[in-house]
Amino acid sequence: RPEGLLGMRLQEMIRVIRSARTQGEERGIIQKECADIRAQFRQGDNGERSHSLAKLLYVHMLGYPAHFGQMECVRLIASPRYSEKRIGYLGAMMLLDEKQDASLLITNSIKNDLSHSSQYVQSLALCTLACMGSAEMCRDLAPEIERLLRASNCYIKKKATLCAVHIIRKVPELAELFTPSARSLLSEKNHGVLHGAVVLITELCEHNPDTLDQFRKAVPELVQIMKGLVTSSYSPEHNVAGISDPFLQVRILRLLRILGHNNDTASDAMNDLLAQVATNTDSSKTAGSAVLYETVLTIMDINSESGLRVLAVNILGRFLLNNDRNIRYISMTSLQKIVQTDHNAVQRHRGTIVDCLKDQDTSVKRRALELSLALVSAVNIRSMMKELLIFLSTCPPELRSQTTSGIFNVAERYQQSFVLHIYLIRILLAGGDVRDETVPNLIQLITTASELHCYTVHKLYRALVKEISQQPLVQVACWCIGEYGDLLLKGECEEIEPVQVTEDDVLDALETVLQSHMSSPATRGFALTATMKLSTRITDNVDRIRSIVSIYGSCIDLELQQRAVEYNALFKKYDHMRAAVLERMPVMGKNSPGHTNGDTSGENKEPDPSKPKPVEAGLLSEPASQVIIIGYFLTETVYEKNGLRLKIQCDKQTETEVMVTLIGSNSAQNDITNFSLQAAVPKVCTCSTFKLSRFSTHKQQIISAAILTGHSIHTVHEY
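Predicted model only: the values in this text are computed from it and were never measured.

What counts, and at which threshold
- Residues numbered from 1 in each chain as written.
- Predicted model: local features only at pLDDT ≥ 70, side-chain atom pairs only at ≥ 80, totals over all residues.
- Heavy atoms only, no water.
- Helix = DSSP H or I, 4+ residues; strand = E, 2+ residues; numbered from the N terminus.
- Contact = heavy atoms within 4.5 Å.
- Areas by Shrake-Rupley, 256 points an atom, 1.4 Å probe, with all protein chains shown as cover.
- Buried < 20%, exposed > 50% of the residue type's maximum accessible area, 1.4 Å probe, protein only.
- Core = buried A, V, L, I, M, F, W, Y, C linked by side-chain atoms within 4.5 Å.
- Axes fitted to C-alpha atoms, helices over the stretch in contact; angles between N-to-C directions.
- Parallel < 35°, antiparallel > 145°, perpendicular 65-115°, else oblique.
- Nonpolar A, V, L, I, M, F, W, Y, C, P; charged D, E, K, R; others polar.
- Salt bridge = Lys/Arg side-chain N within 4 Å of Asp/Glu carboxyl O.
- Patch = residues over 30% accessible without salt bridge, like charges linked within 9 Å, V, L, I, M, F, W, Y side chains within 5 Å.
- Phe/Tyr/Trp six-rings, centres within 6.5 Å; stacked < 30°, edge-to-face > 60°.
- Lys NZ or Arg CZ within 6 Å of the ring centre and 35° of its normal.
- Polar contact = N/O pair within 3.5 Å; in protein donor to acceptor, adjacent residues only side chain to side chain.

Draft legend 1. A look at the overall build of the protein. Of the regular secondary structure elements, the protein holds 32 helices and eleven strands. A fraction of 66% describes how many contacts in the protein between residues 6 or more apart in sequence connect residues 24 or more apart. Of the accessible surface of the protein, which amounts to about 35100 Å², a share of 50% is contributed by carbon and sulfur atoms.

Draft legend 2. Seen up close, unusual backbone geometry. One non-glycine residue, D245, lies in positive phi territory at about 50°. Tracing the chain through its elements places D245 in the loop between β2 (243-244) and α14 (246-260). Although it is not a glycine, N262 sits at a positive phi angle of roughly 55°. With respect to the helices and strands, N262 occurs in the loop between α14 and α15 (264-280). Relative accessible area serves as the criterion here: at 59%, N262 is assigned to the exposed category.

Draft legend 3. Summary view of the nonpolar core. Among the nonpolar cores identified, the biggest contains 111 residues, and I106, I145, I252, L335 and V346 are the most heavily contacted of them. Setting aside residues up to four positions removed in sequence, L335 forms contacts with V313, L316, L320, V346, I353 and L371.

Draft legend 4. Quick peek at the packing of α14 against helix α16 (residues 286-301). Their axes nearest at 9 Å, the elements α14 and α16 cross at an angle of 5°. Judged by the inter-axis angle, α14 sits roughly parallel to α16. Residue-level inspection shows P246, Q249, V250, L253, R254, L256 and R257 of α14 in contact with α16, the latter providing A287, A290, V291, E294, T295, L297, T298 and D301. Grouping the amino acids of the contact of α14 with α16 by side-chain chemistry returns eight nonpolar, three polar and four charged.

Draft legend 5. Up close: the pattern of salt bridges. For the structure on display, the rule yields 28 salt bridges. We note a salt bridge from R15 to E12, for which the minimum N-O separation is 2.5 Å. Of this pair, R15 and E12 both sit in helix α1 (residues 2-18), three residues apart, which is roughly one turn of the helix. Residue R15 is classed as partly exposed on the basis of its relative accessible area of 49%. Across the pair R584 and D486 runs a salt bridge, and its minimum N-O distance is 2.9 Å. Of this pair, R584 sits in the loop between α32 (578-581) and β3 (615-616) while D486 sits in helix α27 (residues 471-490), and the two are 98 residues apart along the sequence. Among the residues examined, R584 registers a relative accessible area of 35% and is labelled partly exposed.

Draft legend 6. Structural detail: the environment of A125. Topologically, A125 is positioned in helix α7 (residues 119-132). Residue A125 is classed as buried on the basis of its relative accessible area, which comes to 0%. Along the chain, A125 and A160 lie 35 residues apart, while their C-alpha atoms are 9.9 Å from each other. In this structure A125 touches Y89, I110, D113 and L114, once residues within four positions along its chain are discounted.

Draft legend 7. Here's a closer look at a nonpolar patch on the surface. A cluster of nonpolar residues, Y82, Y120 and Y155, forms a patch on the protein surface that exposes about 290 Å² of accessible area. Along the chain, Y82 turns up in helix α5 (residues 82-95). Judged by its relative accessible area of 37%, Y82 falls in the partly exposed class.

Draft legend 8. Molecular detail of the packing of aromatic side chains. Counted under the stated rule, the structure contains two aromatic pairs. Measuring from centroid to centroid gives 5.9 Å for W479 and Y484, while their planes differ by 80°, and the two rings are edge-to-face. Like Y484, W479 is buried. One cation-aromatic arrangement involves R38 over F68; the distance from NZ or CZ to the ring centre is 3.9 Å.

Draft legend 9. Seen up close, the side chain of R216. Turning to its location among the elements, R216 is positioned in helix α12 (residues 212-216). With a relative accessible area of 17%, R216 lands in the buried category. A distance of 2.7 Å separates a polar atom in the side chain of R216 from the backbone oxygen of L259. Those residues in contact with R216, other than ones at most four positions away along the chain, are I258, L259, H261, N263 and A266.

Purely geometric numbers; function is a separate question.
This is the structure in structure tokens:
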């Protein structure tokens, strides 16, 4: 037959292309075939147009250009022959989209075919419109689709329903056109029509919340349909692994979730059904797990009873024991969403969740980590921290930063726990994987727990002697030794076995850090400062400290050199103030300078030029008076935020007085108002001079003040 012969020609082309041994040979065959196809298109109606377009569609599937066949699709769609219409519509779905003008040319053909006497021609038009119909086509053809929704033919009604879904997605304002017909479709017995009706109603409710009240009246009807699926074989041909029509069940559960959200009446009507589905569905098969998962989501999203919510959490807990990693993953994802509202119910599955930390899949580990951190409480902190630290020692590198950060967040909530501080020290063994804010966060925690200072410095000293390659560990250890070195030298600690440490031992450890090639410049800065602070905490090795500090006065690293020069000056010219300057640091709050705890809320933002507002100095979260200046004889910027910059410089110094100038500048677009300047004068000094001058322009304000400086606050002058 001619049609059979044409089919063989297509098969022969496929065979030849597949037998090509190189990409170049395949390209040559396709170029020759495309040339023949073009020639046949130019010949007009020669009986082989549909066959040529079929070959071109195969070429398109291989990724080669086939745009020259677009107009041929339009011609074949207008053909009265069904065989040509079929290829033409298929070509339109593959080669045309709403961005091309050729798609508009088939609008009239689709409209005519929607009224065709053959259901198969109508089906072709409906499928094409649902696949590639543009907004303009949808507006023109929406009345035809609404008419077909009321047709008696279930075959056409099913396709018209899905076409209506496409129209609503393209043109949401047309949703009202399909609302009356959608409700009546729920009474259909045909599986395809009923499935399409549920999808259509779901789409209507999502795009137009005003229709929720109308479709909530259909909840009893949906519940009855769902019960029929659960208790009997609604449609045996759609049975999957013993689950009756799981696709329709999932669709109905999603629609019930939308209708029951924040509505007590609708939620009450579906509570019994959800309990029945949750208890009667077999979870040993993937289809059953899918239905149960949607049931859990519906229970958690509506105003369900507390017992039903516990049942839903227990289902997710059973999912955690499933061999399928995908099921375990979605279970933990769901548990993480509800852990804040149903914490106790999730807490019952803590052991299973912790076991998932040992999973081989990294994505499962990540979800288990997030959920484990959310389950830490004051009651289980000891056991949970133990498990998290075990995980930290074996977790993949890409999870270490998240693990350490999460544990530190827990630390901020339970910072008075003795065991917690032990764990915090061990966390630093994660080395370079910890985040930037880890070191200042831990230092802040240590300062707040005064009863643990002795224990902490002993523990960190031992860790420092054992391992100096982990930079965060070394930095915190050096800081603690510098601050609490006197407690370390006493050798008395109730929490651990006391070990006698000499002054030389401590200085040897710090000097090892300073000389190690593994130490970063920041770590050396910690070690040098700690060494300097020990000069006021020991008695016999001050000369050795002076010698160590003087060596780094010519260090190639400018930061380290600057510190060493300042510390040398404290040994010489300002030795009488050394003890006061180097005394123990006060308890640091989270908003202390240099300790942002990751908070970027204070960053400068571009002002809105259309709404000029004065910047009030009282809104600045960190007043300049909080800045602690040790090297007060240098010029440096001590505060910069929200356009305000404060710089301190030494103008003149003698044996008995120091003249310091504070210069403030405003780089913001607006004036600073309500500016308050506070000058702190130490107890050991008297304020002989304090003067304030101000120069203002529209965008610039300069404030200068001369004050005596020293160690501790004696009095405050405000202007």
